[in-house]
Amino acid sequence: MGPDQVTRLDELETVVTRRLPAMLNEVRDQLADEHPDYAEFLTEELADLVAASAGFVRRLIDMAAEPEKRLPELGSGVEQAVFEEIGRTQYQQGRRVTSLLSAYRVGARVAWRHVSEAALDLDVPAELFASLATTVFALVDQLSESSLRGYLQEQSDAVRARERLRDELTALLLSDRADKAAVRAAALRAEWRLPKHAAVVLVEDDNELGRELVFRLEDSCLRLRRPGVVVAIVPDPGGPGRRAWLARALRGGGAVVGATVPLDRLPASLRIAEVTARLRRDHLLSDDPVFADEHLDAIIVHRDDRLLDVLRRQALAPLDELNESARERLSTTLTSWLLHLGDRKAVAEDLHIHPQTVSYRLGRLHDLFGPSLDDPAVRATLVLALAWGPPGEVDENA
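Everything quoted here is computed from the prediction, not taken from an experiment.

Each value, and the rule that gives it
Residues numbered from 1 in each chain as written. Predicted model: local features only at pLDDT ≥ 70, side-chain atom pairs only at ≥ 80, totals over all residues. Heavy atoms only, no water. UniProt positions renumbered as here; feature names shortened; annotations may be inferred. Helix = DSSP H or I, 4+ residues; strand = E, 2+ residues; numbered from the N terminus. Core = buried A, V, L, I, M, F, W, Y, C linked by side-chain atoms within 4.5 Å. Buried < 20%, exposed > 50% of the residue type's maximum accessible area, 1.4 Å probe, protein only. Contact = heavy atoms within 4.5 Å. Phe/Tyr/Trp six-rings, centres within 6.5 Å; stacked < 30°, edge-to-face > 60°. Lys NZ or Arg CZ within 6 Å of the ring centre and 35° of its normal. Pairing = 2+ DSSP bridges. Salt bridge = Lys/Arg side-chain N within 4 Å of Asp/Glu carboxyl O. Axes fitted to C-alpha atoms, helices over the stretch in contact; angles between N-to-C directions. Parallel < 35°, antiparallel > 145°, perpendicular 65-115°, else oblique. Left-handed = near helix turned anticlockwise from the far one by under 90°. Nonpolar A, V, L, I, M, F, W, Y, C, P; charged D, E, K, R; others polar.

1. A few points about the UniProt feature "domain: PucR C-terminal helix-turn-helix" (unreviewed entry) in the chain
For step 1, the next point in the chain: The sites that UniProt annotates as "domain: PucR C-terminal helix-turn-helix" (unreviewed entry) are residues 331–387.
For step 2, the next point in the chain: Helix makes up 75% of residues 331–387 and strand 0%, and the two end C-alpha atoms of the span are 10 Å apart.

2. Re the nonpolar core
For step 1, the next point in the chain: Among the nonpolar cores identified, the biggest contains 43 residues, and L12, F83 and L132 are the most heavily contacted of them.
For step 2, the next point in the chain: Mapped onto this core, the elements with two or more residues apiece are α1 (3–31), α2 (36–44), α3 (46–65), α4 (78–92), α5 (97–121) and α6 (126–173).
For step 3, the next point in the chain: No other element matches α5, which puts 13 residues into this core.
For step 4, the next point in the chain: When residues no more than four places from it in sequence are discounted, the contact partners of L132 are L12, L60, A64, W112, V115, A119 and V124.
For step 5, the next point in the chain: Counting residues in hydrophobic clusters, the runner-up holds 32 residues, among them L169, A198, A259 and A273.

3. Some points on the packing of aromatic side chains
For step 1, the next point in the chain: Summed over all chains, the structure comprises two aromatic pairs.
For step 2, the next point in the chain: With a centroid separation of 5.2 Å and 65° between ring planes, the pair formed by W112 and F129 is classed as edge-to-face. Of this pair, W112 sits in helix α5 while F129 sits in helix α6, and the two are 17 residues apart along the sequence.
For step 3, the next point in the chain: With relative accessibility at 17%, the residue W112 sits in the buried group.
For step 4, the next point in the chain: On the accessibility criterion, F129 (24% relative accessible area) is partly exposed.
For step 5, the next point in the chain: Here R243 stacks its cationic end above the ring of F291, 4.2 Å away from the centre of that ring.

4. Description of the pairing of strand β1 (residues 197–204)
For a regular strand, side chains alternate in direction, first toward one face of the sheet and then toward the other.
For step 1, the next point in the chain: Counting buried positions over the eight residues of β1 gives six, a clear majority of the element.
For step 2, the next point in the chain: Sheet analysis places β1 next to strand β5 (residues 261–262), joined by two bridges and oriented antiparallel. Looking at the pairing, H197 lines up with P262 of β5.
For step 3, the next point in the chain: Inspection of the sheet shows β1 paired to strand β3 (residues 229–235) by seven bridges, in the antiparallel sense. When the sheet's bridge partners are listed, A198 is paired in β3 with P235.
For step 4, the next point in the chain: As paired strands, β1 and strand β4 (residues 256–257) are joined by two bridges and run antiparallel to one another. The residue of β4 that forms the bridge with L202 is V256.

5. Details of the pattern of salt bridges
Note on pairing: side chains with opposite charge can pair once their charged atoms come close.
For step 1, the next point in the chain: This model, assessed by the stated rule, comprises 20 salt bridges.
For step 2, the next point in the chain: In this structure, the salt-bridge partner of D157 is R88, at a minimum N-O distance of 3.4 Å. Within this pair, whereas D157 is found in helix α6, its partner R88 is found in helix α4, the two being separated by 69 residues in sequence.
For step 3, the next point in the chain: Of the charged contacts, one joins D219 and R162 as a salt bridge, the two residues approaching to 2.5 Å between their closest N and O atoms. Here R162 lies in helix α6 and D219 lies in the loop between α8 (208–216) and β2 (222–226), a separation of 57 residues in the sequence.
For step 4, the next point in the chain: Of the residues examined, R162 reaches a relative accessible area of 23% and is grouped as partly exposed.
For step 5, the next point in the chain: Linked by salt bridges that have partners in common, R19, E26, R113 and E117 make up one network.

6. Points about the environment of S102
For step 1, the next point in the chain: Turning to its location among the elements, S102 is positioned in helix α5.
For step 2, the next point in the chain: Distance from S102 to A244, taken between C-alpha atoms, is 43 Å for residues 142 residues apart in sequence.

7. Here we look at the packing of α5 against α6
For step 1, the next point in the chain: For the pair α5 and α6, interaxial distance at closest approach is 10 Å and the crossing angle is 155°. With respect to their mutual orientation, α5 and α6 come out roughly antiparallel. The chirality of how α5 crosses α6 is right-handed. The residues of α6 that touch α5, namely those facing V97, L100, L101, Y104, A108, W112, V115, S116, A119 and L120, are F129, L132, A133, V136, F137, V140, L143, S144, S147, L148 and Y151.

8. Digging into the packing of helix α13 (residues 324–339) against helix α14 (residues 344–351)
For step 1, the next point in the chain: Running from N to C, α13 and α14 point in directions that differ by 130°, and their axes come no closer than 9 Å. With respect to their mutual orientation, α13 and α14 come out oblique. Here the hand of the crossing between α13 and α14 comes out right-handed. Contacts from T332, T333, S336 and W337 of α13 reach α14 at V347, D350 and L351.
For step 2, the next point in the chain: Residue classes in the contact of α13 with α14 are distributed as three nonpolar, three polar and one charged.

9. A few points about unusual backbone geometry
For step 1, the next point in the chain: Residues D288 and P289 are joined by a peptide bond in cis, for which omega reads 5°.
For step 2, the next point in the chain: Tracing the backbone shows P289 in the loop between α10 (266–281) and β6 (290–291).
For step 3, the next point in the chain: The backbone of D236 shows a phi angle near 45°, a positive value even though the residue is not glycine.
For step 4, the next point in the chain: Take D236: it is sitting in the loop between β3 and α9 (242–250).
For step 5, the next point in the chain: For D236, a relative accessible area of 26% puts it in the partly exposed group.
For step 6, the next point in the chain: Residues other than glycine seldom take positive phi values, yet H283 does so here, at roughly 65°.
For step 7, the next point in the chain: Its place among the elements puts H283 in the loop between α10 and β6.
For step 8, the next point in the chain: Using a relative accessible area of 72% as the deciding quantity, one classes H283 as exposed.

In structure tokens:
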């Protein structure tokens, strides 16, 4: 490049830099109708934007002078900092990044008109003029990329901070130290509306489909990984249509839904859900998902398996003298008889056996248990011992 061209480019830089305030004000005017917030920003931050844009003018002239060189990325100086901060502010204020990028395109058109007018006035050669056009729009692309990067960084930071605060809130709600003031403060920080009632949902951590379904639940649900399980807190599960929605959302994932309780009783809902999950693993409950409040009787009976085994051993002691096959037949018959309130026809239909067979087995049971079989309290104990699965083995060390 000859000395004359260098001089013209230096003059062009001076002219364009001098035009920067007018250029930005023109952009502001064009944005005033559709993007009044941006127009206000240009007014308030004009001095900083002029300073930042001056660096781009210098870059524009340098690249136009040597078009064969690759356009360098924005550095870590004032230009990048200013335009990344614009992107961050855009996210913080809840605005769409596409609107910001649209505003940049308006700025690019205005900038090119000013640069081209100045270049024509200075008789810049045609090849330099073409290079200027390419470089102007390439630099505006870099501005856009810098602001987009700031927007996405702020979005990522905000998501991580929100999830951390929600994890802390979930852990607090599931603990036994969740006093109302602490919960209110934690919910406010996590931007979570406190419901009157909630329920705990559990899936095993190694259940990939179950985990995915839990994390797909609506944003009002809290989630937390605990050792071996993923826990969710579902607000107001008893609201209109909520139970049906929850059943659909969790279907096929092997999830357990604890009892619906006031918020300060969530630790109890968690404990109920844990017992329910164990019963499902042991195939005593098979719903999918399992709603614990539909199986409270089984949960109460099975809450302590050692006690249940001892109860079974004591209540069914009269059957001990029988062999395994006979004990199983009579246990099944006794269970059906208790559940059908002594209706022998219903027992026969339930077990698919002849009514005379029912009578024979019941006679045998009366022989083994004696008059106690007619005692309502004994019958109630036998229901507890038999109604939720076959008798288990007693732990000799219990």
